[in-house]
Every structure is written in structure tokens, then in C-alpha cells.
Amino acid sequence: MTDERECPKCGGTMNLGILQKRGQYGNSPFIWAPIDEPPFPLKDPSSHRYEIDIFRCKGCGFVEFYAERPA
């Protein structure tokens, strides 16, 4: 995953960022999972969960989420 992408809305530069919980120290890990998957499945090779990468456009503020890397 690259640290920059082109914004699909305005063509500006989008930077990679993270989601943070307010009032907490550090990051809160978020992953994408299918709706029908149990909330805490055992981690195995058949897992369908993905790390979330979040990009925000410097120009218009548009935010986009990508789930491309296995968790």
C-alpha cells in the first residue's frame, strides 16, 4: 500500500492516516470482516478479515477506506 493516492472527487493528493479513539492513548485496531462472520473467530488461513487503510484528501477532505491486506 502506498502512502498517497489520487482523490477520486477532486484529483488532489490523499494521504494515508489512521482511526484513533478520542481520549485514549495509541491506535485502536480496526479490521473489515464480512457481516455474517462471528465477532471473534479463530485466526486461521481461511479468515476473511482485512486490515483497513484510510486515506484523506488534502484538498477537499474526502475520506476513503481500503481493505486490501489480510489481517
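The preceding data block contains the structure.
Residues numbered from 1 in each chain as written. Predicted model: local features only at pLDDT ≥ 70, side-chain atom pairs only at ≥ 80, totals over all residues. Heavy atoms only, no water.

Engineer: Explain the overall build of the protein residue by residue, including any values.
Structural biologist: Broken down by element type, the protein carries zero helices and five strands. Helices and strands in the protein line up, N terminus first, as β-β-β-β-β. Counting over 71 residues, the protein shows a buried share of 18%. When contacts within the protein are restricted to residue pairs at least 6 apart in sequence, those whose partners lie at least 24 apart make up 40%. Entry remark: accessible area of the protein is about 5,700 Å², with carbon and sulfur atoms responsible for 53%. (Helix = DSSP H or I, 4+ residues; strand = E, 2+ residues; numbered from the N terminus. Buried < 20%, exposed > 50% of the residue type's maximum accessible area, 1.4 Å probe, protein only. Contact = heavy atoms within 4.5 Å. Areas by Shrake-Rupley, 256 points an atom, 1.4 Å probe, with all protein chains shown as cover.)

Engineer: Explain a nonpolar patch on the surface residue by residue, including any values.
Structural biologist: Taken together, the side chains of Leu19, Val63 and Phe65 present a nonpolar region at the surface, about 250 Å² in accessible area. Here leucine 19 shows up in the loop between strand S2 (13–17) and strand S3 (31–32). Using a relative accessible area of 33% as the deciding quantity, one classes leucine 19 as partly exposed. (Patch = residues over 30% accessible without salt bridge, like charges linked within 9 Å, V, L, I, M, F, W, Y side chains within 5 Å. Salt bridge = Lys/Arg side-chain N within 4 Å of Asp/Glu carboxyl O.)

Engineer: Tell me about the pairing of S2, and name the residues and values.
Structural biologist: In this structure, strand S1 (residues 4–6) lies alongside S2, joined through three bridges in antiparallel fashion. Across the sheet, the residue bridging to glutamate 6 is threonine 13, located in S2. Here S1 folds back onto S2 in antiparallel fashion, the turn holding six residues, of which glycine 11 has a positive phi close to 80 degrees. Here S2 pairs with strand S4 (residues 50–57) via four bridges, running antiparallel. The partner of asparagine 15 across the bridge, within S4, is arginine 56. (Pairing = 2+ DSSP bridges.)

Engineer: Describe the environment of cysteine 57, listing the residues and the values that go with them.
Structural biologist: Position of cysteine 57 among the secondary structure elements: in strand S4. Residue classification places cysteine 57 among the buried positions, given a relative accessible area of 0%. When neighbours within four sequence positions are excluded, cysteine 57 is seen to be in contact with Cys7, Cys10, Gly12, Thr13, Met14 and Phe62.

Engineer: How would you explain the environment of glutamate 4 if you had to name every residue and give the values?
Structural biologist: Structurally, the position occupied by glutamate 4 is in strand S1. Setting aside residues up to four positions removed in sequence, glutamate 4 forms contacts with Thr13, Met14, Asn15 and Phe55.

Engineer: Tell me about the packing of aromatic side chains, residues and numbers included.
Structural biologist: For the structure shown, the criterion picks out one aromatic pair. Each ring, one from phenylalanine 55 and one from tyrosine 66, has its centre 5.6 Å from the other, and the planes form 90 degrees; the classification is edge-to-face. Taken together, the residues span a long stretch of sequence, with phenylalanine 55 in strand S4 and tyrosine 66 in strand S5 (residues 63–70) at a distance of 11 residues. A single burial state applies to phenylalanine 55 and to tyrosine 66, both of which are buried. Sitting over the face of the ring of phenylalanine 55, arginine 5 holds its NZ or CZ atom 5.4 Å from the ring centroid. (Phe/Tyr/Trp six-rings, centres within 6.5 Å; stacked < 30°, edge-to-face > 60°. Lys NZ or Arg CZ within 6 Å of the ring centre and 35° of its normal.)

In short, shape yes, function no, at least from these values alone.
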